[in-house]
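Secondary and tertiary structure notes
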Amino acid sequence: MKLHLVFDLSILTPLAEALETQGYSIAGTDVTLEQFAVAASAGQVDAEIAIVDGGLGVVHRQDCVNFLKEVRMRVPDTRLIVILPEVDSEWQRSLGMCGIYDVYAAEQFGIEDVQRWIQTKKTLADIPGFNPELPSQKKVERKVGFSLEKNKGKVQTLLSDWTRGFKRAEKNTVPVNDESKEREARELTDHVESPVTIEEKQEYVNVDKQNKTDSQPEKLPIYHVSQPYIVAVGGLARRSGNTHTALQIAYETASKGLKTAFVEYRNKPRPSDIVSFATDFDGLKFKRHGIDFFPNRSPFDVAEVYTLGYDSVILDLGVLVDENEGRLEMNSAAQEFLRCPFQLITLSAAPWDLHYIVQHLSQLSVLLRKSSFIINYADEDMIKEFREMFPSITSIMNLLEANPFTDAGELAYWLEQPKAKRKRWFVH
């Protein structure tokens with residue numbers, strides 16, 4: 001297993017050595033969170049798991065959240081294990097909203113702790129505030145980060161003790177002056193470079209692997225969950241009835257017994273359109289008519305919803321294109337639209353909207369390749385005219401009743417078709 005480590009140099013060297021002794025491969029290292037974010041943006045992070053000091057080189061916790069959110073978006077397949085210098089529910093919750101669930105508070109830690117964190121995978125339910133059954137955590141009185149200057153010697157001693165086979169060191173609350181720290185650092189360096197010590201360390205590792213195999217944490221089983229119906233609903237212009245149509249589809253799937261999520265996608269920050277009718281909004285979602293609504297979700301949040309065990313996920317993507325100097329450019333919502341197996345474009349049949357499509361048809365060809373049109377605000381004559389103009393495009397006439405919570409539109413046509421076999425999602 002390849003690991004990426006983000007720690008202060010005084011911790012990084014002994015930690016990397018201990019992990020390599022346990023059979024892990026160190027694929028890369030960074031000494032600040034900012035450097036880690038830059039490396040991820042440049043495509044230089046190639047590891048299955050990154051273990052990160054969350055307080056490294058930052059003054060405010062929001063800086064940590066911002067850097068790690070950037071990393072999470074750049075390398076979504078890399079699992080992040082974040083170690084905080086204190087128990088802070090707000091900090092942990094902010095990281096959880098970015099899909100970072102493996103968060104631990106540790107003033108000191110040993111190699112056995114790191115192994116346990118690697119083999120135990122947390123979920124959204126472990127984030128404070130998302131699971132009412134979890135006991136509330138108490139803040140520690142001493143806010144001491146393990147990456148601070150005063151703790152460097154402690155961590156080095158701890159890891160060095162492990163290589164000799166000793167038990168984990170007790171916390172020492174007696175202040176240590178600069179002279180004693182320098183002497184301790186020299187002793188540690190001499191010990192690590194000694195050939196006898198290396199031989200003793202290897203002998204201990206061999207004995208430990210032979211005698212303590214049963215005490216190692218068991219790997220969690222992998223469960224296979226079928227891919228849900230993921231339905232993208234996007235418009236080519238504002239006020240095309242996109243949200244209304246997406247609500248109709250969500251209600252129709254929920255009324256057929258499917259566990260349904262409605263996601264309000266936002267590629268740019270702006271107020272939610274659906275939270276106004278929420279009665280039990282908890283900051284993450286609310287429920288109505290058997291549908292779980294996720295308002296105002298970012299591009300990254302969408303992927304998290306896919307893993308929550310829904311039978312169908314309806315994405316209200318809003319407008320898929322931006323106009324720039326007379327040309328249409330696809331935005332991030334369009335990229336999400338193209339990744340979905342079911343693609344629906346909403347449009348009104350007004351003459352000016354049809355003219356808009358004809359005028360930009362060549363620029364819309366990628367979006368039209370696999371999508372179907374849902375024509376809103378149209379009578380039978382208007383839909384007939386549309387089908388004559390665009391015979392190769394599948395089109396559906398939507399009655400668009402004032403109340404979106406109705407299945408009269410019969411828009412979820414794919415429910416009558418066998419679902420194609422697709423790559424499965426893995427949930428640990």
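Refer to the structure above for everything that follows.
Below: a short report on this structure. As the structure is a computational prediction, the values presented were derived from the model and not from experiment.

1. Examining the sheet that holds strand S9 (residues 286-288)
Strands sit in the order S9-S10-S8-S11-S7-S14-S15-S16 across an open sheet of eight strands; the sheet is mixed. In this open sheet, the two edge strands, each paired with only one partner strand, are S9 and strand S16 (395-397). Across the sheet, the mean angle separating the axes of adjacent strands is 25° when strand polarity is ignored. The sheet strands contacting helix H11 (residues 332-339) are strand S7 (229-235), strand S8 (260-265), strand S11 (312-319) and strand S14 (342-348), and the helix crosses S11 at an angle near 145°.

2. Topic: the pattern of salt bridges
What the rule picks out here adds up to 14 salt bridges. Arg72 serves as the salt-bridge partner of Glu304, at 3.7 Å between the closest nitrogen and oxygen. In this pair, Glu304 is assigned in helix H10 (residues 299-306) and Arg72 in helix H3 (residues 61-74), connecting sequence segments 232 residues apart. Accessibility expressed as a relative area gives 15% for Glu304, which makes it buried. For Arg72, a relative accessible area of 12% gives the class buried. The salt bridge partner of Asp102 is Arg79, with a shortest N-O separation of 3.0 Å. Of this pair, Asp102 sits in strand S5 (residues 102-105) while Arg79 sits in strand S4 (residues 79-84), and the two are 23 residues apart along the sequence. With relative accessibility at 3%, the residue Asp102 sits in the buried group. Taken together, the shared-partner salt bridges in this structure form one network comprising Glu264, Arg266, Arg270 and Asp273.

3. Observations concerning the packing of aromatic side chains
Summed over the entire model, instances satisfying the criterion amount to 13 aromatic pairs. Between Tyr104 and Trp117, the aromatic rings sit 4.9 Å apart at their centres with planes inclined by 25°, giving stacked as the arrangement. With Tyr104 in strand S5 and Trp117 in helix H5 (residues 111-119), the pair connects residues that are 13 residues apart, well separated along the chain. In terms of burial, Tyr104 and Trp117 fall into one category: buried. Ring geometry for Phe286 versus Phe293: centroids 5.0 Å apart, planes at 10°, classification stacked. With relative accessibility at 2%, the residue Phe286 sits in the buried group. In this structure an aromatic cluster arises from ring pairing among Tyr251, Phe262, Phe277, Phe281, Phe286, Phe293 and Phe405. If you follow Lys122 out to its NZ or CZ, it ends over the ring of Tyr104, 4.1 Å from the centre. Here the guanidinium or amino end of Lys259 rests over the ring plane of Tyr310, the centre of that ring lying 5.0 Å away.

4. What to know about unusual backbone geometry
Within the chain, His289 stands out as a residue other than glycine whose phi angle is a positive 55°. In this fold, His289 is placed in the loop between S9 and strand S10 (291-297). At Asn296, a residue that is not glycine, the phi angle is positive and equals roughly 55°. Within the element layout of this structure, Asn296 appears in strand S10. By relative accessible area, Asn296 is classed as partly exposed at 33%.

5. A closer look at the sheet that holds strand S1 (residues 2-6)
Read from one edge to the other, the open sheet built from five strands follows the order S2-S1-S3-S4-S5, with strand pairing classed as parallel. A single partner strand is all that each edge strand has here, and the edge strands are strand S2 (25-30) and S5. The mean inter-strand angle of the sheet, taken between neighbouring strand axes irrespective of direction, is 20°. Where strand S3 (residues 49-53) and S4 come together, five bridges link them in parallel fashion. In the sheet register, Val52 faces S4, and the bridge partner there is Val82. Against the sheet, helix H4 (residues 89-96) touches S4 and S5, its axis set at about 170° to S4.

6. Let's talk about the environment of Thr29
Tracing the backbone through its elements, the reader meets Thr29 in strand S2. Sequence separation between Thr29 and Ala50 is 21 residues; the distance between their C-alpha atoms is 9.1 Å. Other than its neighbours up to four places away in sequence, Thr29 contacts His4, Leu5, Leu12 and Gln35.

7. Section: a negative patch on the surface
Where like charges cluster on the molecular surface, the negative patch consists of Asp379, Glu380, Asp381, Glu385 and Glu388. Along the chain, Glu388 falls in helix H14 (residues 380-389). A relative accessible area of 57% means that Glu388 is categorised as exposed.

8. Looking at the pairing of S8
Here S8 lies mainly inside the structure; six of its six residues are buried. Burial along S8 is two-sided: the residues Thr260, Phe262 and Glu264 and Ala261, Val263 and Tyr265 are all buried. Both S8 and S10 contribute to a ladder of five bridges, which runs parallel. Each bridged residue has a counterpart across the sheet, and for Ala261 the counterpart in S10 is Asp292.

9. Comments concerning the packing of helix H2 (residues 33-41) against H3
Contact geometry for H2 and H3: axes closest at 9 Å, N-to-C directions at 20°. When the axes of H2 and H3 are compared, the pair comes out roughly parallel. Seen from above, H2 lies across H3 with left-handed handedness. Along the contact surface, H2 presents Leu33, Glu34, Phe36, Ala37, Ala40 and Ser41, while H3 presents Cys64, Phe67, Leu68, Glu70, Val71 and Arg74. Looking at the contact of H2 with H3 residue by residue, the classes come out as eight nonpolar, one polar and three charged.

Conventions adopted
- Residues numbered from 1 in each chain as written.
- Predicted model: local features only at pLDDT ≥ 70, side-chain atom pairs only at ≥ 80, totals over all residues.
- Heavy atoms only, no water.
- Pairing = 2+ DSSP bridges.
- Helix = DSSP H or I, 4+ residues; strand = E, 2+ residues; numbered from the N terminus.
- Axes fitted to C-alpha atoms, helices over the stretch in contact; angles between N-to-C directions.
- Contact = heavy atoms within 4.5 Å.
- Salt bridge = Lys/Arg side-chain N within 4 Å of Asp/Glu carboxyl O.
- Buried < 20%, exposed > 50% of the residue type's maximum accessible area, 1.4 Å probe, protein only.
- Phe/Tyr/Trp six-rings, centres within 6.5 Å; stacked < 30°, edge-to-face > 60°.
- Lys NZ or Arg CZ within 6 Å of the ring centre and 35° of its normal.
- Patch = residues over 30% accessible without salt bridge, like charges linked within 9 Å, V, L, I, M, F, W, Y side chains within 5 Å.
- Areas by Shrake-Rupley, 256 points an atom, 1.4 Å probe, with all protein chains shown as cover.
- Lys, Arg positive; Asp, Glu negative; His and termini not counted.
- Charge placed at Lys NZ, Arg CZ, Asp CG, Glu CD.
- Parallel < 35°, antiparallel > 145°, perpendicular 65-115°, else oblique.
- Left-handed = near helix turned anticlockwise from the far one by under 90°.
- Nonpolar A, V, L, I, M, F, W, Y, C, P; charged D, E, K, R; others polar.

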